[in-house]
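What follows is the residue order along each chain.
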Amino acid sequence: AFTSLRMSSLNRHMKTHSDEKPHVCHLCLKAFRTVTLLRNHVNTHTGTRPYKCSDCEMAFVTSGELARHRRYKHTLEKPFKCSMCKYSSVEASKLKRHIRSHTGERPYNCYLCSYASKDTYKLKRHMVTHSGEKPYECYVCQARFTQSGTMKIHILQKHSENVPRYQCPHCNTFIARKSDLGVHLRNLHSYLAVAMKCRYCEALFHERYALIQHKKTHRNEKRFKCDQCSYACKQERHLIVHKRTHTGEKPFTCVCCSKCFRQKQLLTVHFRKYHDSNFKPTVYECPKCGKGYSRW
DNA sequence: AAGCTTACCGCCCTCTGCTGGCTTTGC
DNA sequence: AGCAAAGCCAGCAGAGGGCGGTAAGCTT
Ligand SMILES: [Zn+2]
Ligand SMILES: [Zn+2]
Ligand SMILES: [Zn+2]
Ligand SMILES: [Zn+2]
Ligand SMILES: [Zn+2]
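Conventions adopted
Residues numbered from 1 in each chain as written. Chains lettered and ligands numbered in written order. Predicted model: local features only at pLDDT ≥ 70, side-chain atom pairs only at ≥ 80, totals over all residues. Heavy atoms only, no water. UniProt positions renumbered as here; feature names shortened; annotations may be inferred. Helix = DSSP H or I, 4+ residues; strand = E, 2+ residues; numbered from the N terminus. Buried < 20%, exposed > 50% of the residue type's maximum accessible area, 1.4 Å probe, protein only. Contact = heavy atoms within 4.5 Å. Areas by Shrake-Rupley, 256 points an atom, 1.4 Å probe, with all protein chains shown as cover. Expected span 1.5 Å × (residues − 1). Polar contact = N/O pair within 3.5 Å; in protein donor to acceptor, adjacent residues only side chain to side chain. Donors = N, O, S within 2.8 Å, 3.2 Å for Na, K, Ca; no water. Near = heavy atom within 4 Å. Salt bridge = Lys/Arg side-chain N within 4 Å of Asp/Glu carboxyl O.

- An unreviewed UniProt entry lists chain A under the name CCCTC-binding factor, from Terrapene triunguis.
- Under the heading Sequence similarities (unreviewed entry), UniProt records this for chain A: "Belongs to the CTCF zinc-finger protein family."
- One UniProt comment on chain A, placed under Subcellular location (unreviewed entry), says "Nucleus".

Next up, the structure:
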């Protein structure tokens with residue numbers, strides 16, 4: 001009995017190695033070993049799904065697909081546990097993929113550049129960067145995008161009302177994208193090991209935001225002082241021009257008459273007045289009173 | 001042989017978050 | 001006016017969930 005059981009088991013096993021596939025699908029000519037396999041296959045053509053989920057509307061061709069579905073959606077049973085972290089999964093292949101995020105292994109190489117990915121999907125997605133195609137189109141403005149998620153955030157930010165915005169917990173400014181808030185936090189609110197000094201006084205800061213706020217308190221002071229006379233001013237450029245009165249420097253020379261000027265603006269005005277016959281200043285006029293401004 | 005479970009390959013979707021060029025804004 | 005800074009924005013990669021389907025193995 002022992003040997004015959006072994007033999008029948010071996011026999012059965014040997015059969016799996018034979019490439020004999022007598023059962024052929026009449027719809028696509030694919031061949032199968034057993035009628036069960038053929039029946040399952042034909043059901044995929046006809047859409048016959050005998051295995052119905054008792055907890056939702058889904059139905060499947062095989063019991064295995066149903067069992068997997070129930071684990072994903074209803075029982076939440078995840079038999080495959082990662083030994084290095086809390087992760088667990090319904091399918092073995094998912095755990096295998098997850099392990100690569102620990103090991104850093106990248107088995108899938110791009111044949112056009114040095115990129116390599118940890119799973120096939122990322123490589124496939126990467127390849128569109130080489131083809132330049134943009135498969136996703138915004139249904140409102142027809143702008144095109146390389147990834148669906150990028151289009152989604154575009155539609156959210158550009159074409160919807162009640163756009164969510166993200167408020168910085170440290171300075172209360174609002175930023176449209178969560179990732180840009182991350183940039184803001186790193187740039188303005190991260191701790192600096194080496195303190196930064198205010199350029200107008202001796203105050204020190206370990207955070208760029210605090211430094212910037214502090215600098216604003218200097219704003220209405222005459223921060224810039226001439227070291228050769230008592231002159232002081234609010235703007236650095238005024239000090240630079242002022243210092244030329246000590247050096248006698250006149251760096252701006254008219255290309256037409258060689259007259260020299262201490263300030264660039266004086267030269268510009270001179271040139272327009274004496275050498276540019278068709279000069280017309282652009283003026284923005286107030287529609288109510290007609291008053292003109294040089295800037296919008 | 002029929003009807004299961006397990007293993008294995010694949011396809012495709014979403015959520016997430018950083019990067020660097022562009023554009024606006026404050027000074 | 002002109003410069004620097006910072007938010008805006010699309011590009012693009014990391015990680016994971018869920019399903020489609022077949023082959024192999026086991027149990028009945
Ligand atoms: Zn077929
Ligand atoms: Zn269900
Ligand atoms: Zn893990
Ligand atoms: Zn590549
Ligand atoms: Zn902030």
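Resuming the write-up.
## As for the overall build of chain A
Part 1 of the reasoning: Along its length, chain A carries 10 helices and 20 strands.
Part 2 of the reasoning: Here chain A holds 296 residues, and 19% of them are scored as buried.
Part 3 of the reasoning: Across chain A, the fraction of contacts at a sequence separation of at least 24, relative to all contacts at a separation of at least 6, is 2%.
Part 4 of the reasoning: Accessible surface for chain A amounts to roughly 22,900 Å². Of this, 54% is attributable to carbon and sulfur atoms.

## Focus on helix α5 (residues 120-131)
Part 1 of the reasoning: In this model, α5 (12 residues) spans 17 Å end to end at C-alpha, consistent with the 16 Å of a helix rising 1.5 Å per residue.
Part 2 of the reasoning: Of the positions making up α5, those classed as buried are L123, H126 and V128.
Part 3 of the reasoning: For α5, the elements touching its buried residues are β7 (108-109) and β8 (116-117).
Part 4 of the reasoning: The N-cap residue of α5 is D119: its side-chain oxygen and the backbone nitrogen of Y121 are 3.0 Å apart.
Part 5 of the reasoning: Residue G132 follows α5 closely and has a positive phi angle near 75°.

## Quick word on the coordination of the zinc ion (ligand 3)
Part 1 of the reasoning: At the metal site, the zinc ion (ligand 3) is ligated by C82 (SG), C85 (SG), H98 (NE2) and H102 (NE2), and these contacts range over 1.9 to 2.2 Å.
Part 2 of the reasoning: When the donors of the zinc ion (ligand 3) are listed by position in the chain, the intervening gaps give C-x2-C-x12-H-x3-H. Of this pair, H98 and H102 are both found in helix α4 (residues 92-103), 4 residues apart, which corresponds to roughly one turn of the helix.
Part 3 of the reasoning: Relative accessible area serves as the criterion here: at 14%, H98 is assigned to the buried category.
Part 4 of the reasoning: Assessed through its relative accessible area of 33%, H102 is described here as partly exposed.

## Regarding the protein's contact with DNA strand B
Part 1 of the reasoning: Near DNA strand B, the surroundings consist of 18 residues, among which Y51, Y121, K124, K152 and R219 are the closest.
Part 2 of the reasoning: When atoms of DNA strand B within 4 Å of the protein are sorted by moiety, sugar and phosphate together comprise 61%.
Part 3 of the reasoning: One nitrogen or oxygen atom from the side chain of Y51 is found 3.0 Å from a phosphate oxygen belonging to DNA strand B.
Part 4 of the reasoning: At 2.6 Å, a side-chain N or O of K152 approaches a phosphate oxygen of DNA strand B.
Part 5 of the reasoning: Listed by contribution, the elements that provide at least two residues to the surface near DNA strand B are α2 (35-46), α5, α6 (148-159) and α7 (178-188).
Part 6 of the reasoning: Per-element tally for the surface near DNA strand B: the top contributor is α7, with 4 residues.

## Structural notes on the coordination of the zinc ion (ligand 1)
Part 1 of the reasoning: In this structure, C25 (SG), C28 (SG), H41 (NE2) and H45 (NE2) serve as the protein donors to the zinc ion (ligand 1), at separations of 2.0 to 2.3 Å.
Part 2 of the reasoning: In the primary sequence, the donor residues of the zinc ion (ligand 1) line up as C-x2-C-x12-H-x3-H. A residue pair is termed a helical-turn pair when its members lie 3 or 4 positions apart in one helix, as H41 and H45 do in helix α2 at 4 residues.

## Re the pattern of salt bridges
Part 1 of the reasoning: Applying the stated criterion across every chain yields a total of 7 salt bridges.
Part 2 of the reasoning: Close ionic contact of R70 with D55 constitutes a salt bridge, the shortest N to O distance being 3.0 Å. Residue R70 is located in helix α3 (residues 63-75), and its partner D55 is located in the loop between β3 (51-52) and β4 (59-60); the two are separated by 15 residues in the primary sequence.
Part 3 of the reasoning: Overall, R70 belongs to the partly exposed group, its relative accessible area being 22%.
Part 4 of the reasoning: With relative accessibility at 48%, the residue D55 sits in the partly exposed group.
Part 5 of the reasoning: One salt bridge in this structure joins R71 and E77, with 3.8 Å as the shortest N-O distance.
Part 6 of the reasoning: Look at R71 and you get partly exposed, because its relative accessible area is 28%.
Part 7 of the reasoning: Relative accessible area serves as the criterion here: at 42%, E77 is assigned to the partly exposed category.

## Some words on unusual backbone geometry
Part 1 of the reasoning: The phi dihedral of L76 falls on the positive side, at around 55°, and the residue is not glycine.
Part 2 of the reasoning: Within the secondary structure, L76 is located in the loop between α3 and β5 (80-81).
Part 3 of the reasoning: Of note, N162 is a non-glycine position whose phi angle comes to about 55°, a positive value.
Part 4 of the reasoning: Relative to the assigned elements, N162 resides in the loop between α6 and β11 (166-167).

## Re α6
Two residues of an α-helix separated by three or four positions point the same way, owing to the 3.6 residues in each turn.
Part 1 of the reasoning: In a regular helix each residue adds 1.5 Å, so 12 residues correspond to 16 Å; α6 covers 16 Å between its end C-alpha atoms and thus fits that length.
Part 2 of the reasoning: Within the sequence span of α6, burial applies to M151, H154, I155 and Q157.
Part 3 of the reasoning: On its buried side, α6 packs onto β9 (136-137) and β10 (144-145).

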